[in-house]
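Observations on the three-dimensional arrangement
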Amino acid sequence: MKIYSLVFDYNLEKMKQTGRPWAEKGYRNKDFIFEYSAASIATFLDKNPHLRYEILTDDVNLLAQKISNYRVSTSNLSLIDASDLISQWTSHWYCFWPLIQSFDYFAASGESVLKLDNDLTCLKPIDDLLVFDGAIVWKKERMCSDGKDYWGEKFAASRAFGTDRFMIYNTGTWGLNSSRIHMAREIPSLCEKMISVDISSVSKFPESPGLFSSVFNTSDQTSNCFFLEKARVPVVESFPWFDHHCYSHEAKNKCIEMASHLILRG
């Protein structure tokens, strides 16, 4: 079982250009990204010190320093300098291409893979979750077809995949077991199809009048979800094991707050 997270300095301008005009408010800067990432990692280590956990990062020293502020065992934590890989993945114009490529990178091992976003709070040991035969997602959200027109998601999905009749799950946790991981090698090509659809004719942001995007901002997630439908993979939701701090511009503060009981004092 490969359990991993990806922590790197985001290109906020690229995020704003590809569907997240609020990126500076939500992610702020590199130090803040690494701060809430360390908090998220600490809660996992606290509940699962016996599980190997790999972090691909472009700044091992900064992340290690921030994790050291927490009272957790790091004996099964591996901080991997993936600067070259991350640089390669972030050269793609779509800001979340590294999420697609990192999962594909681990899928090549043939082992079960579980990707944990860097803004989770782990609530309890996940041993029971890991025995599931299928896919691990965080939580069911809605049918793709039920999304708002101006998001552009169902517009892009219909043109990329020929349908918008499939379930959208939040993939803040995203895993596949070893019997199905070989099928995941198709996901990058699905995402390429999704992000190649120009949604600018329908895209708008009510909170930012006059702005639009040519690409749906979580096309990686939509592609994962279409893959699940296409491959008929059974799904388990992981929200009993994790909180995901993702539904507001201030949500990352909650990620830090939820780990505050683990901070070393004095």
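Before going into details, it helps to say that this report is about the structure given with it. (Residues numbered from 1 in each chain as written. Predicted model: local features only at pLDDT ≥ 70, side-chain atom pairs only at ≥ 80, totals over all residues. Heavy atoms only, no water.)

1. Description of the nonpolar core
Ranked by internal contacts, the top residues of the largest apolar core, which has 85 residues, are Tyr 27, Ile 41, Phe 44, Tyr 53, Ile 126 and Phe 242. Leaving out residues up to four positions away in the same chain, Tyr 53 has contacts with Ile 3, Tyr 4, Ser 5, Ile 41, Phe 44, Leu 45, Asn 76, Leu 77, Ser 78 and Leu 116. (Core = buried A, V, L, I, M, F, W, Y, C linked by side-chain atoms within 4.5 Å. Buried < 20%, exposed > 50% of the residue type's maximum accessible area, 1.4 Å probe, protein only. Contact = heavy atoms within 4.5 Å.)

2. Quick look at empty space enclosed by the protein
One pass over the full model with this rule turns up two cavities of 30 Å³ or more. Contributing to the lining of the largest cavity are Met 1, Ser 112, Val 113, Leu 114, Leu 130, Phe 132, Gly 134, Ile 136, Gly 175, Leu 176 and Asn 177. At the level of elements, β4 (113-116) and β9 (173-176) are the ones that each hand at least two residues to the lining of the largest cavity. Looking at the lining of the largest cavity, its residues break down into seven nonpolar, four polar and no charged. (1 Å grid on protein atoms, 1.4 Å probe; cavity = no way out; pocket = protein on both sides within 12 Å on 5 of 7 lines; lining within 4 Å. Points joined across faces, edges and corners; volume = space filled by probe spheres on them. Helix = DSSP H or I, 4+ residues; strand = E, 2+ residues; numbered from the N terminus. Nonpolar A, V, L, I, M, F, W, Y, C, P; charged D, E, K, R; others polar.)

3. Brief notes about unusual backbone geometry
Excluding glycine, most residues fall at negative phi; most peptide bonds, likewise, are trans. The phi dihedral of Arg 28 is positive, around 65 degrees, even though this residue is not glycine. Tracing the chain through its elements places Arg 28 in the loop between α2 (23-27) and α3 (30-47). Although it is not a glycine, Arg 232 sits at a positive phi angle of roughly 55 degrees. In this fold, Arg 232 is placed in the loop between α10 (219-231) and β10 (235-237). Judged by relative accessible area, which is 75%, Arg 232 ranks as exposed.

4. Focus on the packing of aromatic side chains
With the rule as written, the count across this model stands at 14 aromatic pairs. Between Phe 32 and Tyr 36, the aromatic rings sit 5.4 Å apart at their centres with planes inclined by 70 degrees, giving edge-to-face as the arrangement. Placement of the pair is Phe 32 and Tyr 36 together in helix α3, with a separation of four residues, close to one helical turn. Per residue, the accessibility class of Phe 32 equals that of Tyr 36, and both read buried. With a centroid separation of 6.0 Å and an interplanar angle of 65 degrees, the aromatic rings of Trp 89 and Tyr 105 are classed as edge-to-face. Taken together, the positions of Trp 89 in helix α5 (residues 83-90) and Tyr 105 in helix α6 (residues 97-107) put the pair 16 residues apart, joining distant regions of the chain. For Tyr 105, a relative accessible area of 43% translates into the label partly exposed. Taken together, the aromatic side chains of Tyr 4, Trp 89, Tyr 105 and Phe 106 make up a single cluster linked through ring pairs. Geometry around Phe 34 places Lys 30 over its ring, the cationic atom sitting 5.6 Å from the centre. Lying across the ring of Trp 241, Lys 124 places its NZ or CZ 5.0 Å from the centre. (Phe/Tyr/Trp six-rings, centres within 6.5 Å; stacked < 30°, edge-to-face > 60°. Lys NZ or Arg CZ within 6 Å of the ring centre and 35° of its normal.)

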